[in-house]
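# Residue-level structure breakdown
Read off the chains here:
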Amino acid sequence: GQGHTMYELNESSFDPITFVLTGIPGMEESHRWISVPFCLMYLTAVLSNLALLLLIAADRRLHEPMYLFLAMLALSDLMLSTATVPKMLAIFWFGAREISFDACMAQMFFTHFSFIVESSVLLAMAFDRYVAVCEPLRYASLLTPAAIAKAAGAAVLRGLCIMFPPIFLLKRLPFCGHKVMPHTYCEHMGVARLACADIRPNVWYGLTTALLSSGLDAVLIALSYALILRAVFRLPSPEARRKALGTCGSHLCAILVFYVPAFFSFLTHRFGRHVPGHVHILLADLYVVVPPVLNPIVYGVRTRQIRERVTRLLCPGERPCPAWGDGC
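Because the structure is predicted, anything quoted here is derived from the model rather than measured.

### Here we look at the packing of aromatic side chains
The final tally for this structure, using the stated rule, is twelve aromatic pairs. Taking the centre distance of 4.5 Å and the plane angle of 15 degrees together, the rings of F115 and F258 count as stacked. One end of the pair, F115, is in helix α4 (residues 101-134); the other, F258, is in helix α9 (residues 238-271), with 143 residues separating them in the sequence. The exposure class assigned to F115 is buried, which follows from its relative accessible area of 10%.

Take a look at the structure:
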């Protein structure tokens, strides 16, 4: 009777569960082809972010707020892509679709944690640019080494505080033999969906924390760039305006590439019953690999001191190329 059913539920929730990640639903035939751009993007992301970190570590002149934030961004990008892409490629190439419950929890934790940290760092960078453009005289007093360390600590602490509860919210759920997940990596709602119990606490927790962390960050970033653009349009020289707008534009593009697929994926899990599975999963895959590829280019290469340092390394003795705008 009922006691036996409860016993079965309890048993299933303590069994060592192994999930099966199917890859991109409906596109199994194309996995090999899809793996090629993902592999190339992952290698590019790892090499370019490591190069950026080494460059910033090696040059004492780059130990300034903006470059320290860039180093944090590179670290969170490396974590975000490395938590997901190797397993994704193993599914595409070798059909290695099984993942243990604990490995799945670890992957979910690091994926969401690095996303939250990256969102916090993008907000800190937007504030850094706002102070540099709108309050230049207060820059040195506001962005001290201690303030940068506090910002880094706050980003990590915030990620940890938001990401520990979902592990316990998922561990309490019984899965009753539902193991097949139409995805290439584990994420909170993807795992919760497999449970044969009420997952409303997971849904509400995910929705609330997303709106109060990344959602709030996105609003504050938009606000700081609106204030920066207002200051830029007041600049007397058209040349200075053009340079500043060029840099602002590239930063805003990188920020949109980071947030839009993430919010699309997040909202689809909760409300998008009509979005085809392969579209949802492809976008979720792109948001763990495209920002890590773009960020070193957009923030690194478009930053004058880093460009000059790279030029000196590649062409010793040559004069650095003329500066592009660093307005934002």
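### Some words on the nonpolar core
Grouped together as the largest cluster of nonpolar side chains are 82 residues, with contacts concentrated most on F19, F175, V191 and Y299. No other element matches the 15 residues that α4 contributes to this core. Once you skip the residues sitting within four places of it in the chain, V191 turns out to touch F19, C104, M105, L170, F175, M181 and C186.

### With respect to the packing of α4 against helix α8 (residues 200-233)
Interaxial distance between α4 and α8 falls to 9 Å at its minimum, and their mutual angle equals 20 degrees. The angle between the axes of α4 and α8 places the two elements in the roughly parallel class. Between α4 and α8 lies a crossing of left-handed hand. Facing F115, S119, S120, L122, L123, A126, R129, Y130, V133 and C134 of α4, the residues of α8 in contact are S214, D217, L220, I221, S224, Y225, L227, I228 and A231. Of the residues in the contact of α4 with α8, the class split is 13 nonpolar, four polar and two charged.

### Observations regarding unusual backbone geometry
In this model, C176 sits at a positive phi of 45 degrees, which is unusual for a non-glycine residue. Tracing the backbone shows C176 in the loop between α6 (145-171) and β3 (180-181). Overall, C176 belongs to the partly exposed group, its relative accessible area being 32%.

### A short note on the state of the cysteines
Structurally, a disulfide amounts to a covalent bond that connects the sulfur atoms of two cysteines. With the rule as written, the count across this model stands at two disulfides. Covalent S-S linkage joins C104 and C186, the inter-sulfur distance amounting to 2.0 Å. Residues C104 and C186 share a disulfide whose torsion about the S-S bond is about -115 degrees; that sign makes it left-handed. With C104 in helix α4 and C186 in the loop between β3 and α7 (188-192), this residue pair connects regions lying 82 residues apart in the sequence. Classification of C186 by relative accessible area gives buried; the value is 0%.

### A closer look at helix α11 (residues 290-301)
The terminal C-alpha atoms of α11 lie 16 Å apart, and with twelve residues this matches the ideal 16 Å at 1.5 Å per residue to within 8%. Restricting attention to buried positions, one finds in α11 the residues P291, P292, V293, N295, P296, V298, Y299 and G300.

### A look at the sheet that holds β3
Pairing in this open sheet of three strands is mixed, and the strands run β2-β1-β3 from one edge to the other. Both edges of this open sheet fall to β2 (98-100) and β3, since each of them pairs with a single strand only. Here strand β1 (residues 18-21) runs beside β3; their pairing, made up of two bridges, is parallel. In the strand pairing of β3, V20 is matched with V180. Against the sheet, α4 engages β1, β2 and β3, with an angle of about 85 degrees to β2.

Cut-offs used in this document
- Residues numbered from 1 in each chain as written.
- Predicted model: local features only at pLDDT ≥ 70, side-chain atom pairs only at ≥ 80, totals over all residues.
- Heavy atoms only, no water.
- Phe/Tyr/Trp six-rings, centres within 6.5 Å; stacked < 30°, edge-to-face > 60°.
- Helix = DSSP H or I, 4+ residues; strand = E, 2+ residues; numbered from the N terminus.
- Buried < 20%, exposed > 50% of the residue type's maximum accessible area, 1.4 Å probe, protein only.
- Core = buried A, V, L, I, M, F, W, Y, C linked by side-chain atoms within 4.5 Å.
- Contact = heavy atoms within 4.5 Å.
- Axes fitted to C-alpha atoms, helices over the stretch in contact; angles between N-to-C directions.
- Parallel < 35°, antiparallel > 145°, perpendicular 65-115°, else oblique.
- Left-handed = near helix turned anticlockwise from the far one by under 90°.
- Nonpolar A, V, L, I, M, F, W, Y, C, P; charged D, E, K, R; others polar.
- Disulfide = S-S within 2.5 Å.
- Expected span 1.5 Å × (residues − 1).
- Pairing = 2+ DSSP bridges.

All quantities given are derived from atomic positions and should not be read as evidence of function.
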